[in-house]
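Structure assessment
Here is how the chains run, residue by residue.
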Amino acid sequence: MGPAREESAARPAAGLEGLSTYRIETWGCQMNEHDSEKMAGVLQSLGLRAAPNVEEADVILLNTCSVREKAAHKVFTRLGQLKRHKTARPHTVLGVCGCVAQQEQERIFARAPYVDLVMGPRRLDALPELIEDSRRRRRALAVFDPKESLVPENEEVLRVSRTRAYVTVMEGCNKNCTFCIVPFTRGREVCRAPEAILGEARRCVAGGLIEIELLGQNVNAWHHPGGGGQPWDFTRLLGAVARVPGVRRVRFTTSHPLHFKNSIIEAMAAHDAICHHLHLPVQSGSNGILGRMHRGYTREQYMDRVARLRERIPDVTLSTDIIVGFPGETDHDFELTMEMVRLVRPDSIFSFIYSPRPDTPAAEWPDDVSPATKKDRLHRLQRLQDEIQMEKHRALEGSLMEVLVDGPSSRKPGQVCGRTSQNHLVNLPGDPSMVGRFVPVKVTHAGLHSLTGLPESHLTS
């Protein structure tokens, strides 16, 4: 069983003579991963096939992320590495896509004149034309105006996973967090219609994908006027997706604390299909820093939401994002973050050192926390989280958990891996025939980032 694909009418491959293979390299989050699935679907609909390596690719696309520091630098470094390939195979189409493409635009051609096309997010519809135009007259460009309400519907998706399907529910962000570049690279919020989302979910299930992950920069801010005077909010959408026949699991990311309503908690508790895991970025445990970040909530409000969630769903797991070294962050501010982590005890943390991003308000402020202090704070935070995480994982030893097997384990031959509803990664003995099955697994060993277990059938045989 290969990657699932949503079929649509094939486009003619006029203007693509001599091109037969493609390669996509992806940086960033699930949104970028899903955009790459869409690009692959478009390219395959044009008659191209995936290349086993860059050396054999006729079309090379770098799908980029600009959220972290030196993102553009990393892209240009990779372009420099690909210059030799382009020189040896001049017919190769080399493109930069995603957030760095939207951010840098024409500057990419100026710094790397051997690049053929630049395509920003929300412009996947332009990919065939860009490839054709780049072959006729180098330097094809398609970006979007962040003010545009543009989310093209695209059914040509080459799904990578054999069990999970990403489904975009909205693009962009209307928040004005002072550190974040997303509103500039992904634009303002635009929500897809519920009929389109549910239709895509049904097609995914028909293709054998039983786990749906709803994606959006602020996914729980999704809303739609609907028809007949019955507006939709994210709670209603979540329940509707969970009720799609054949859906076994539903996840959603990324949530914003301002929009994490009690009704979402109730939906998570009411529907067996909705996974007991939540990613809820807090960014800082200091109200002063949260205010400078323009996050719109306090640490007390965040902790109250977490307490409500855990009261209603005791086995829920929580992951979060934290930035250290934000402009103006004092030792006291950082200690408040450490204190909050000790109180909330998240199951995992994505932690980052603050770095100024272009066009953001914080980039204009003095970056007054020294690099050494930033690194020290990051290491202290990560050590604390490692202790919490290891303690939580050890408490799971001996428990029986339901694992959806999604592929071979990277740890050693003869093992497969999968995830629980709570998003724990579990390795277990098995073979590829188990992919797509739900397996009861007894946890025998806890690691920092994953668990190891034995299928229940092994325990009784």
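For the structure itself, consult the block above.
Since the structure is predicted, the reported quantities are computational estimates derived from the model, not experimental observations. (Residues numbered from 1 in each chain as written. Predicted model: local features only at pLDDT ≥ 70, side-chain atom pairs only at ≥ 80, totals over all residues. Heavy atoms only, no water.)

What follows deals with the environment of Asn-218. Here Asn-218 is to be found in the loop between strand 12 (211-215) and strand 13 (223-224). Classification of Asn-218 by relative accessible area gives buried; the value is 5%. Aside from chain neighbours lying at most four places away, what touches Asn-218 is Met-170, Cys-173, Lys-175, Glu-189, Thr-254 and His-256. (Helix = DSSP H or I, 4+ residues; strand = E, 2+ residues; numbered from the N terminus. Buried < 20%, exposed > 50% of the residue type's maximum accessible area, 1.4 Å probe, protein only. Contact = heavy atoms within 4.5 Å.)

Taken as a whole, this structure holds 22 salt bridges when the rule is applied. Between Arg-89 and Asp-58 there is a salt bridge; the shortest N-O distance is 2.6 Å. Of this pair, Arg-89 sits in the loop between helix 2 (71-88) and strand 5 (93-98) while Asp-58 sits in the loop between strand 3 (49-50) and strand 4 (59-64), and the two are 31 residues apart along the sequence. With a relative accessible area of 4%, Asp-58 lands in the buried category. Across the pair Lys-261 and Asp-233 runs a salt bridge whose closest N-O atoms are separated by 3.1 Å. Remark: Asp-233 occurs in strand 14 (residues 232-233) and Lys-261 occurs in the loop between strand 15 (249-253) and helix 9 (262-270); sequence separation between them is 28 residues. For Lys-261, a relative accessible area of 39% translates into the label partly exposed. Residue Asp-233 is classed as partly exposed on the basis of its relative accessible area of 27%. (Salt bridge = Lys/Arg side-chain N within 4 Å of Asp/Glu carboxyl O.)

Our focus in this paragraph is helix 2. The end-to-end C-alpha separation of helix 2 is 27 Å, in line with the 26 Å expected for 18 residues at 1.5 Å each. Along helix 2, the helix axis deviates most sharply at Leu-82, where the bend reaches about 35 degrees. Considered for burial, the residues of helix 2 that qualify are Ala-71, Ala-72, Val-75, Phe-76, Arg-78, Leu-79, Leu-82, His-85 and Lys-86. The secondary structure elements touched by the buried residues of helix 2 are strand 2 (21-26), strand 4, strand 5, helix 3 (99-104) and helix 4 (106-111). (Expected span 1.5 Å × (residues − 1). Bend = angle between axes of the 7 residues up to and from the residue.)

Here the focus is the packing of helix 12 (residues 331-344) against helix 13 (residues 371-394). Packed helix pairs are characterised by how far apart their axes lie and by the angle those axes make with each other. One can describe the packing of helix 12 onto helix 13 by two numbers: an axis separation of 10 Å at closest approach and a directional angle of 10 degrees. As judged from the angle between their axes, helix 12 and helix 13 are roughly parallel. Counting all contacts with helix 12, which are made through Asp-331, Phe-334, Glu-335, Met-338, Val-341 and Arg-342, the residues of helix 13 involved are Arg-377, Arg-380, Leu-381, Leu-384, Gln-385 and Ile-388. Class assignment for the residues of the contact of helix 12 with helix 13 results in six nonpolar, one polar and five charged. (Axes fitted to C-alpha atoms, helices over the stretch in contact; angles between N-to-C directions. Parallel < 35°, antiparallel > 145°, perpendicular 65-115°, else oblique. Nonpolar A, V, L, I, M, F, W, Y, C, P; charged D, E, K, R; others polar.)

A few words now on the sheet that holds strand 18 (residues 348-353). In spatial order, the strands read 16-17-18; together these three strands make up an open sheet with parallel pairing. Edge strands, defined here as strands with exactly one partner in the open sheet, are strand 16 (277-279) and strand 18. Averaged over all adjacent pairs, the angle separating strand axes in this sheet is 15 degrees, with direction ignored. One ladder, built from six bridges, connects strand 17 (residues 317-324) with strand 18; its direction is parallel. Across the sheet, residue Ile-323 finds its bridge partner in strand 18, namely Phe-352. (Pairing = 2+ DSSP bridges.)

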